[in-house]
Amino acid sequence: MQHITRIILLMAAITWAAGASAQKHFASNVAVGGKAGVSLSRVTFSPSVKQNWSMSETLGVTFRYIEEKNFGLVIEANFTKGGWKENFEDTDFKYERQFSYISIPILTHIYFGSHKFKGFFNLGPQLGYNIGENISSNFDYTNWQSIEGFPYENRHLDQLNLEMKSKFDYGLAFGAGMELIAKRKHSIILEGRVYYGLGNIFSSKKADTFSASGNMSVAVTLGYSFRIK
């Protein structure tokens, strides 16, 4: 766990250092904005759990700093959700668990194109803090043993009622998208992004059910950015 944290911190440090060194070449370009969209999430359980993607909303504010051609830095503060939806196959049972986070990605921004239209890639570490959770179910998940016809065979069920181990989440984010620029200062940005969590939602000690339970999500957002410098 410690070496993974060090890798994330090192990536952030390299990003900041590269941005600082770029000051020698170009005048700065600073922009702020906001974005909103939809995301699909699941949990990388080990051993595996029969699950489907859970759909939710995502929104946030963005800050972008550029001082070198084709290179910049993006920092965001987002409201995101993780979690999963149980797959009970050909039955009427339903269970969905979502975790709400304030997440802070710090991303290297690589862009290319003209002064009117650009493509880009974003890559870097993301930190998150849990601010709540919600469980939606049409059965008593705390007492599924007493439910007649419940499909308990060949599946793990401890996750239905496990307590979260830590409110902190961390991992890596990768995004790609395009930017349409109007009158130099106004931009419309479309991005698809994948997040892979490196931490565990639930306890992962030797005696616990799961050795891994990290967040994973895919999001599509539409944003607006205003250049202030």
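See above for the structure.
Residues numbered from 1 in each chain as written. Predicted model: local features only at pLDDT ≥ 70, side-chain atom pairs only at ≥ 80, totals over all residues. Heavy atoms only, no water.

Visitor: Help me understand the packing of aromatic side chains in this model?
Guide: To describe a pair of aromatic rings, one takes the distance between the centres and the angle between the planes. This model, assessed by the stated rule, comprises 20 aromatic pairs. A ring pair is formed by Trp84 and Tyr95, whose centres lie 6.1 Å apart and whose planes are at 40°; its orientation type is tilted. With Trp84 in strand E4 (residues 71-86) and Tyr95 in strand E5 (residues 95-113), this pair connects stretches of sequence that are 11 residues apart. The pair Trp84 / Tyr95 is uniform in exposure class, with both members buried. Ring plane angle 40° and centroid distance 6.0 Å describe the contact between Phe112 and Phe121, whose orientation is recorded as tilted. Seen from the ring of Trp53, Arg42 lies directly overhead, with NZ or CZ sitting 5.2 Å from the centre. (Phe/Tyr/Trp six-rings, centres within 6.5 Å; stacked < 30°, edge-to-face > 60°. Helix = DSSP H or I, 4+ residues; strand = E, 2+ residues; numbered from the N terminus. Buried < 20%, exposed > 50% of the residue type's maximum accessible area, 1.4 Å probe, protein only. Lys NZ or Arg CZ within 6 Å of the ring centre and 35° of its normal.)

Visitor: Where do I start with the environment of Asp140 in this structure?
Guide: Looking at the element boundaries, Asp140 is found in the loop between strand E6 (117-137) and strand E7 (168-182). Through-space distance from the C-alpha of Asp140 to that of Tyr95 is 9.8 Å; in sequence the pair is 45 residues apart.

Visitor: What is the right way to read the pairing of E7 from this model?
Guide: The side chains of a regular strand alternate, residue by residue, between the two faces of the sheet. Sheet topology note: the E6/E7 ladder contains 13 bridges and is antiparallel. Residue pairing across strands places Asn122 opposite Gly175, the latter belonging to E7. What sits between the antiparallel neighbours E7 and strand E8 (residues 186-197) is a turn of three residues, in which Lys183 has the positive phi angle 55°. (Pairing = 2+ DSSP bridges.)

Visitor: Even after reading the chapter, I still don't get unusual backbone geometry, so can you show me in this structure?
Guide: Apart from glycine, the bulk of residues carry a negative phi angle, and the bulk of peptide bonds sit in the trans form. For the bond from Ser46 to Pro47, the omega torsion is 0°, close enough to zero to count as cis. Position of Pro47 among the secondary structure elements: in the loop between strand E1 (29-46) and strand E2 (51-52). Unlike most non-glycine residues, Asn70 shows phi in positive territory, near 75°. Along the chain, Asn70 turns up in the loop between strand E3 (54-68) and E4. Even without glycine at this site, Glu89 takes up a positive phi of about 55°.

Visitor: Please clarify how the nonpolar core should be interpreted in this entry.
Guide: Most often, soluble globular proteins have nonpolar side chains that are buried together. In terms of nonpolar packing, the biggest core is built from 16 residues, with Phe45, Trp84, Tyr95, Phe99, Phe139, Ile201 and Phe202 touching the most fellow members. Of all the secondary structure elements, the ones that give two or more residues to this core are E1 and E5. If we ignore the near neighbours within four places in the chain, the residues touching Ile201 are Val43, Phe99, Tyr101, Met164, Lys165, Ser166, Ser213 and Asn215. (Core = buried A, V, L, I, M, F, W, Y, C linked by side-chain atoms within 4.5 Å. Contact = heavy atoms within 4.5 Å.)

Visitor: Whenever I open this one, the pairing of E1 confuses me. Can you help?
Guide: Bridge count between E1 and E3: 13 bridges; the pairing is antiparallel. For Lys35, the partnering residue across the bridge sits in E3 and is Gly60. In this sheet, strand E9 (residues 212-227) lies alongside E1 in antiparallel orientation, the contact comprising 16 bridges. Within E9, the residue paired with Gly37 across the bridge is Thr221.

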